[in-house]
Each structure stands twice: as C-alpha cells, then as structure tokens.
Amino acid sequence: MTLAPLPSSISPSRVGTFTDCPRLFQYQSIDRLEQPPSIWTLKGTLVHTALEGLFGVEPAERTVDVALRALDAAVAAPEGVAGIETLGLEGARLDSYLEEAAALIRKYFELEDPTKVDAVGVELRVETMLTSARDGGAVHLRGIIDRLDRTEEGDLIVVDYKTGRAPAPGRERARLAAVETYALLCERALGVRPVMVRLLYLAVPLVIERAIGASEVSRQERRTVEVWHAISRAHALGSFRPSPGPLCRYCAFTDRCEAAPAELRARATSSAS
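To start, this report covers the structure provided alongside it. In this text, all values refer to a predicted model and were calculated from it rather than measured experimentally.

Let's talk about the pattern of salt bridges
Logical step 1: The final tally for this structure, using the stated rule, is 12 salt bridges.
Logical step 2: Note that lysine 43 is salt-bridged to glutamate 100, the shortest N-O span being 2.5 Å. With lysine 43 in helix 3 (residues 39-54) and glutamate 100 in helix 6 (residues 91-111), this pair connects stretches of sequence that are 57 residues apart.
Logical step 3: Looking at lysine 43, the relative accessible area reads 16%, which means it is buried.
Logical step 4: Classification of glutamate 100 as partly exposed rests on a relative accessible area of 38%.

Observations regarding a nonpolar patch on the surface
Logical step 1: A surface patch of nonpolar side chains, about 400 Å² in accessible area, is lined by Ile39, Trp40, Leu247 and Tyr250.
Logical step 2: Within the secondary structure layout, tryptophan 40 lies in helix 3.
Logical step 3: Judged by its relative accessible area of 47%, tryptophan 40 is partly exposed.

Some remarks on the packing of aromatic side chains
Any aromatic ring pair is given by two values, namely how distant the centres are and how the planes are angled relative to each other.
Logical step 1: By the definition in use, this model includes 7 aromatic pairs.
Logical step 2: Look at tyrosine 108 and tyrosine 161: their rings are 6.3 Å apart centre to centre, the planes differ by 90°, and that puts the pair in the edge-to-face class. Here tyrosine 108, found in helix 6, pairs with tyrosine 161, found in strand 3 (residues 156-162); they are 53 residues apart in sequence, far enough to count as distant. In terms of burial, tyrosine 108 and tyrosine 161 fall into one category: buried.
Logical step 3: Ring-pair connections join several aromatic residues into one group, and the members of that group are Phe18, Phe25 and Phe240.

Digging into helix 5 (residues 78-87)
Logical step 1: Among the residues of helix 5, those classed as buried are Gly80, Gly83, Ile84 and Leu87. Within helix 5, the buried residues cover an arc of 95° as seen down the axis, which keeps them to one side. Facing away from the buried side of helix 5, by more than 90 degrees, are the exposed residues Pro78, Glu85 and Thr86.
Logical step 2: Contacts made by the buried residues of helix 5 are with helix 3, helix 4 (64-76) and helix 6.
Logical step 3: Among the residues trailing helix 5, glycine 88 stands out with phi positive, at a value near 70°.

Parameters at a glance
Residues numbered from 1 in each chain as written. Predicted model: local features only at pLDDT ≥ 70, side-chain atom pairs only at ≥ 80, totals over all residues. Heavy atoms only, no water. Salt bridge = Lys/Arg side-chain N within 4 Å of Asp/Glu carboxyl O. Helix = DSSP H or I, 4+ residues; strand = E, 2+ residues; numbered from the N terminus. Buried < 20%, exposed > 50% of the residue type's maximum accessible area, 1.4 Å probe, protein only. Patch = residues over 30% accessible without salt bridge, like charges linked within 9 Å, V, L, I, M, F, W, Y side chains within 5 Å. Areas by Shrake-Rupley, 256 points an atom, 1.4 Å probe, with all protein chains shown as cover. Phe/Tyr/Trp six-rings, centres within 6.5 Å; stacked < 30°, edge-to-face > 60°. Arc of directions from axis to C-beta. Contact = heavy atoms within 4.5 Å.

Put into structure tokens, the structure is as follows:
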C-alpha cells in the first residue's frame, strides 16, 4: 500500500498517539484526515484557552472572575462557535456543557494560587533536532508547552493541564511520558533542563508530578527516536496496524477502521449519514 509522505516532524502527543494506536497516527499524521471536535476535545480547548488568558494578565489580577471571562471569550471566538455548532449544542444542553467547563476553571484554583506563579512561558512553542544513534538520521521534535514556570530558586517546571480523567493509581507513568518529553525539548531548545514536570488534573482536582534528571531526559530521547524508527518501518511497509481497545470510544475514525468494535462502527456510520 502506497501512503502519503511521512510528516517532517513529530510531537510528544503524536508519539503517544502512535504508541496507543498506529492506525490513528496514520489517519491523523499521514492521511491528514479532518478530525471534527468531540465534546471532550472542545471542552479541553476552551479550558486551555481560558487558562492561557488568565496568565496573560498581571499576577495580582489572576482571579476566578478573570478566568471565567476568558472562558466566555473562548466560547464566543470563531473556533468556539464553530465547535459548538458542529456538535449541535444548544439550549439547556449547551448551558450544562459550558457549566462543566466553568467548573473545571473553578477547580483549577483549588490546585494552586496563580497569583504566586511565575510563568515564563504560556503555550510555548519549542523544537529541536534529535540524532539517531542507530543510523545517524535526524528526528525533528516539536511541541507546545502549556506553561513553563520558574521557581524562587530559578529552576524551571513544565506544567500541563488535563481536563480528562486522572489515571488509576499505579498508571501515572504513561501519562507522564509525554510531559517528560517536553523537558527534553526545553533542555535542547532553551539550554536548561527543568527540574520537574507537573500534571494538573482539573476534574479531580489532582496534581501528579515527577522530578526530572539526566536519566529521565535520556530515556525520553531514546523513546522518541525508537518510536520514529517504528513509524518509519510501518510507513515503508504501508501498514499502520490498529490497536483496538477502550480508546476506540473516543476515536473520530471508527467508521473506517476495520478493528473498531462493531457497535461503534455502526453508530459512527449512522451519525455520518
């Protein structure tokens, strides 16, 4: 099977996508199929945009009201309006949906006091080139960091907001892998290794964090290069195999994936028609 060319770069989220399901990676990064918003992704986008707005004002002004106004602005923006229309949200259902997003904003303030946060970067774009020890090839790694904080000691902390379900006890490592890759990006692009990565699960609310050292950064570099080699092999073979599982419930492409559960394929096909 002949596929479209490989992407010129890869991000920590796409590394996670390939690890979870190679076929989904193909749909998103090779076939570049349009992925309509879901109720989960739209809510995450709105909340992330609101928190970005919160950190766009002076520390003393970072209040709940300011964050909620930023949420209202995100909802009224063209992207927000388009997403709401695509999902067919209106009336009482829309009101309930927006209240859920507002509740996530309020819970954020239970996790930390934003007036005391020294955010040196918000929605920070970083990129670097990794070199494969196997063949000397280059891997272009890029990503967007939700927030990069500076401690009183001058150290950096990578912060990532999560609007979905928190991992079960003992399953945190997989969720930390992507954000650890952002620590690798910081070290390579900015010349400074963060001392910690921190996940803020707003719905719980819950903080999961891990100290970062040279070994964690090296591990993520090896992992990223290995995943890129696996992607290249799958592309050369013309075969990105699906990995059916619980995540199929949230996939936008169940109507075309032969490995998706039959009930999900039927539902997706019915919705499309």
